[in-house]
Each structure stands twice: as structure tokens, then as C-alpha cells.
Amino acid sequence: MTDMDSFITGLPKAELHLHIEGSLEPELMFALAGRNKIVLPYKSVEEVRAAYDFSNLQDFLDIYYAGAQVLRTEQDFFELTLAYFTRVAADGVLHAEIFFDPQTHTDRGIPFAVVIEGILAGMAAAEQKFGITSKLILCFLRHLDEEAAFETFRMAEPWFGRIAGVGLDSSEKGHPPEKFVRVFAAAGAAGLKRVAHAGEEGPAAYVWEALDLLHIDRLDHGNRALEDPELIRRLAASQMALTVCPLSNFRLCVVPDMAEHPIDRMLDLGLRATINSDDPAYFGGYIAENFRAAAAGRRLGKAQLVTLARNSFLGAFLDGETRQGYLRKLDEFASA
Ligand code: HPA
Ligand code: ZN
């Protein structure tokens, strides 16, 4: 391991953009398919990995939703979640705020309780085993309508004390944030945090909508905000955290090459950018690999990497004392 590799691995960090269904590795997919007697359209793990060749977000989503079909029991969701935390315990992750997509499961007859209880049990086990703290964010699928989001929101009500917030994901183009104004208002009234994917493939106008209509507390992706100077000023002035996902951006052709990734430009513009993995089983790497790819592609120095890690704790939905504790650990690491 090079000095930079071990620096990146050891760097205390939080992950703020991770779809738990996107951490389903092909090996676990096959194991769960076998256990649940589901026939996969692939003969081997190698064949699955070979299918992960995407030219846009929709290409990926089609395969990602198909893969999630193997998840059926509470035990399945538990194993999926614990596998993610086991992996990132080796990546210097101290805290994670993870997404789940309930509609992907409830729409095929899996009870909401099965999904969320399995995930929450995995999070609790991870804290016990690795000391990693975590929070859960319920995402609405934006290709479905707002009434479907409301149904999910109502289903989730008994668990409001155990989820940190709501998010918005899936196919962005043609599904503006404006579609979900009412359900996001209801989430805010219930005391939940609000985040949304915006400006990944969709225009800067969708980022404005996420800010002004959905009242988001954090912006997921946000790449295309860079096309709008007024929006950049707004995001910088409010110190809105952006959960940027370098390998995802490359694999979904949001950026043509890691050498052209805007991560350092975001920092230079005063944006509170962070580095995350999005769907690591599909995009070729967990969070430390995303740091490595960005660092290599953009020749980032250690000071920039520390800033990115600091931003992850500043952008996390932590109480003041916990946040300070993590920032102290980061400072100790950075000055060692
Ligand atoms: N964008 C939108 N929806 C998603 C993503 C993403 O990057 N990952 C999983 N669902
Ligand atoms: Zn995402």
C-alpha cells in the first residue's frame, strides 16, 4: 500500500450517499437467489459483473431494480446491511447515513416492516460490532407519482422515530422535484430531514426546485449546479452539503473521465462537497476507492482529502457533541 492509499483508508470519514440496495454484491445476490429459489438471468458472478456496463442512469436503474428482487426476508435485509458495514469498517467510516427504497420492495409484496426491521437490525449490529454509528433515510422513487410516495410515507409512520429523513431518487429526467412538494412538506412537518438527488442528469433548475420547493437539508449529487453561477453562490453561502459520488459519475457517464471530475472545482468554489460511493457493488468501489479514484484523477493532496472528510461530518445529521467528537478524531489523524 502506498502512503496515499493508507492515508485514504485511515482517514476518519462519514458516508452520506449510499443506497443499501446498491451494496448488494453479486456473490450475495446468488446466495439469496438460491435461498429464496429465485432464478437469476445470469449464470455466474462474472456474468453479473459483465452486465454492469452502463451508458446512463436508466441503464443502471433497470439492472439495480432487477437485482433487488432477490431480497425477500428480514434476514436478507439484515445480511445486506451488515455486509455493507463490514466492508466500510475497513475504509475508515465512522458514521453512515444510508438510503433505502421501500417501494422497490413493497410493490412486489414484501411488507414494509420486513424491509425496515432487517435494515435497522443490521445497523444496530454494525454499531455493536464495529462502533459505526448510522442513520436511515427513506427514499421515494421519483418515477412513481406523489400519491405512491404518500402511501409509503404513511406506511413508515410507526418508524418515524427511527428514520432521520426522506430522500428522492430514481430516474431524474422528466421527474422534477416539484412533483413531490406536498409529501416533502409533510415530512418536514413530521420533523424529518429532507434530501434529494438533483442535478445528476437533470438540469440546475431541478436543484433550485429541491432547495426552494422541497426545502432540502442536503443535496445528493448536484453536479449540474456548476452550470449556474447564481446557484453556486446560493449553495456556497448556505454551506449546503453536496454528496458527490465520483465512481458513480464516471460509470453513469455524468463525467467522461475521472481526470475531468469537478470535485476539486467544487471545493475551490467554496461548496461543502463530500465523497461517497452511491451504489458500490455496481460502480466498482466503496468509499475509500472513490477517494482514491478522485485523488488519482484530479491529483488531490492530503489537505483536500481532509477537507472532504471534514465536510462529511459537517454535512451529517449529527448532534453537536457527536459531530465534535468525530471532528476531533479527524484532526488527530490529520496532524499525526
Ligand atoms: N441516482 C438516482 N437514483 C438512484 C441512484 C442514483 O445515483 N442510485 C440508486 N438509485
Ligand atoms: Zn444515489
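Whatever comes next refers back to the structure up there.
Let me sum up the structure you'll find in this document. (Residues numbered from 1 in each chain as written. Chains lettered and ligands numbered in written order. Predicted model: local features only at pLDDT ≥ 70, side-chain atom pairs only at ≥ 80, totals over all residues. Heavy atoms only, no water.)

**Concerning the coordination of the zinc ion (ligand 2)**
Definition in use: The donor definition counts N, O and S atoms within 2.8 Å of each metal and applies 3.2 Å to Na, K and Ca; water is not among these atoms, so some sites may look incomplete. Here the metal geometry follows the donor angles, with tetrahedral for four donors whose angles all fall between 85 and 135 degrees, square planar for four and octahedral for six when opposite donors are more than 155 degrees apart and every other angle is between 65 and 115, and irregular for all the rest. Secondary structure counts use DSSP, requiring at least four H or I residues in a row for a helix and at least two E residues in a row for a strand, with both numbered from the N terminus.
Around the zinc ion (ligand 2), the protein supplies His17 (NE2), His19 (NE2), His197 (NE2) and Asp278 (OD) as donor atoms, at distances of 2.0 to 2.2 Å. For the zinc ion (ligand 2), the four donor atoms in the first shell make angles of 83 to 173° at the metal, so the coordination geometry reads as irregular. Mapping the donors of the zinc ion (ligand 2) onto the primary sequence yields the spacing H-x1-H-x177-H-x80-D. Within this pair, whereas His19 is found in the loop between β1 (13-15) and α2 (26-35), its partner His197 is found in strand β5 (residues 193-198), the two being separated by 178 residues in sequence.

**Digging into the site of ligand 1**
What counts is decided by this rule: Any residue with a heavy atom positioned within 4 Å of a molecule or strand is treated as near that molecule or strand. Counting of polar contacts relies on pairs of N or O atoms within 3.5 Å, with two restrictions inside protein: one atom must be capable of donating a hydrogen and the other of accepting it, and residues adjacent in sequence are counted only when both atoms are side-chain atoms. Just so you know the grouping, Ala, Val, Leu, Ile, Met, Phe, Trp, Tyr, Cys and Pro go in nonpolar, Asp, Glu, Lys and Arg go in charged, and all remaining residues, Gly too, go in polar.
The immediate surroundings of ligand 1 are formed by His19, Leu57, Phe60, Leu61, Tyr64, Asp169, Ser170, His197, Glu200, His221, Asp278 and Asp279. Within the side chain of His19, an N or O atom sits 3.2 Å from a nitrogen atom of ligand 1. At 2.7 Å from a nitrogen atom of ligand 1 is found a side-chain nitrogen or oxygen belonging to Asp279. In terms of residue count, the dominant contributor to the shell around ligand 1 is helix α4 (residues 57-67) (four residues). Of the residues in the shell around ligand 1, the class split is four nonpolar, four polar and four charged.

**Examining the packing of helix α8 (residues 146-156) against helix α9 (residues 181-189)**
Keep this limit in mind: Note on method: axes are straight lines fitted to C-alpha atoms, helices fitted across the in-contact stretch only, with angles between N-to-C directions ranging 0 to 180 degrees. The cut-offs work like this: below 35 degrees is roughly parallel, past 145 is roughly antiparallel, 65 to 115 is roughly perpendicular, and the gaps in between are oblique. When checking whether two residues touch, look at their non-hydrogen atoms; a contact exists if any pair is within 4.5 Å.
Between α8 and α9, the least distance of the axes is 9 Å, while the angle of their chain directions is 20°. Relative to α9, α8 is oriented roughly parallel. Contacts between α8 and α9 involve Glu146, Ala149, Phe150 and Phe153 on the former and, on the latter, Val181, Arg182, Val183, Ala186 and Ala187. The residue inventory of the contact of α8 with α9, partitioned by class, reads seven nonpolar, no polar and two charged.

**Describing the packing of aromatic side chains**
Which entries qualify depends on this criterion: Ring pairs are drawn from Phe, Tyr and Trp, using the six-membered ring of Trp, whenever the two centres fall within 6.5 Å, and their geometry is named by plane angle: stacked under 30 degrees, edge-to-face over 60, tilted for the rest. Partly exposed residues are those whose accessible area sits between 20% and 50% of the maximum for their type, while under 20% is buried and over 50% is exposed, using a 1.4 Å probe and protein chains only.
The full count for this structure, using the stated rule, is 17 aromatic pairs. Seen in terms of ring centroids, Tyr64 and Tyr65 are 5.1 Å apart; in terms of plane orientation they differ by 55°. Their pairing is tilted. Each member of the pair, Tyr64 as well as Tyr65, carries the same accessibility label: buried. One aromatic cluster is present, built from ring pairs that chain together Tyr52, Phe54, Phe60, Tyr64, Tyr65, Tyr282 and Phe283.

**Section: the nonpolar core**
Stated precisely, the cut-off is as follows: Residues belong to one nonpolar core when they are buried, are Ala, Val, Leu, Ile, Met, Phe, Trp, Tyr or Cys, and are joined through side-chain atoms within 4.5 Å.
By size, the foremost hydrophobic cluster in this structure holds 110 residues, and its most contacted members are Ile98 and Tyr282. In terms of residue count, the dominant contributor to this core is helix α7 (residues 112-130) (nine residues). Aside from chain neighbours lying at most four places away, what touches Ile98 is Leu18, Ile20, Thr81, Tyr84, Phe85, Ile119, Met123, Lys135, Leu136 and Ile137. Counting residues in hydrophobic clusters, the runner-up holds five residues, among them Phe99, Ile137, Cys139 and Phe317.

**Quick look at α2**
What counts here: The directions from the helix axis to the C-beta atoms form the arc being described.
Looking at α2, one finds that the buried residues are Pro26, Leu28, Met29, Leu32 and Ala33. For α2, the buried positions fall inside an angular range of 155° around the axis, keeping them on one side. Those residues of α2 hidden inside the fold are in contact with α3 (45-51), α4, α5 (74-89) and α14 (280-283). Downstream of α2 by one or two residues, Lys37 has phi in the positive range, about 55°.

**Quick look at the pairing of strand β7 (residues 241-244)**
Note the cut-off: At least two DSSP bridges between two strands are needed for those strands to be called paired.
Neither face of β7 is exposed, since Ala241 and Thr243 on one face and Leu242 and Val244 on the opposite face are all buried. One ladder, built from two bridges, connects strand β6 (residues 218-221) with β7; its direction is parallel. In the strand pairing of β7, Leu219 is matched with Leu242. Relative to strand β8 (residues 272-275), β7 runs parallel, the two being bridged by four bridges. From the neighbouring strand, Val244 faces β8, where its bridge partner is Ile275.

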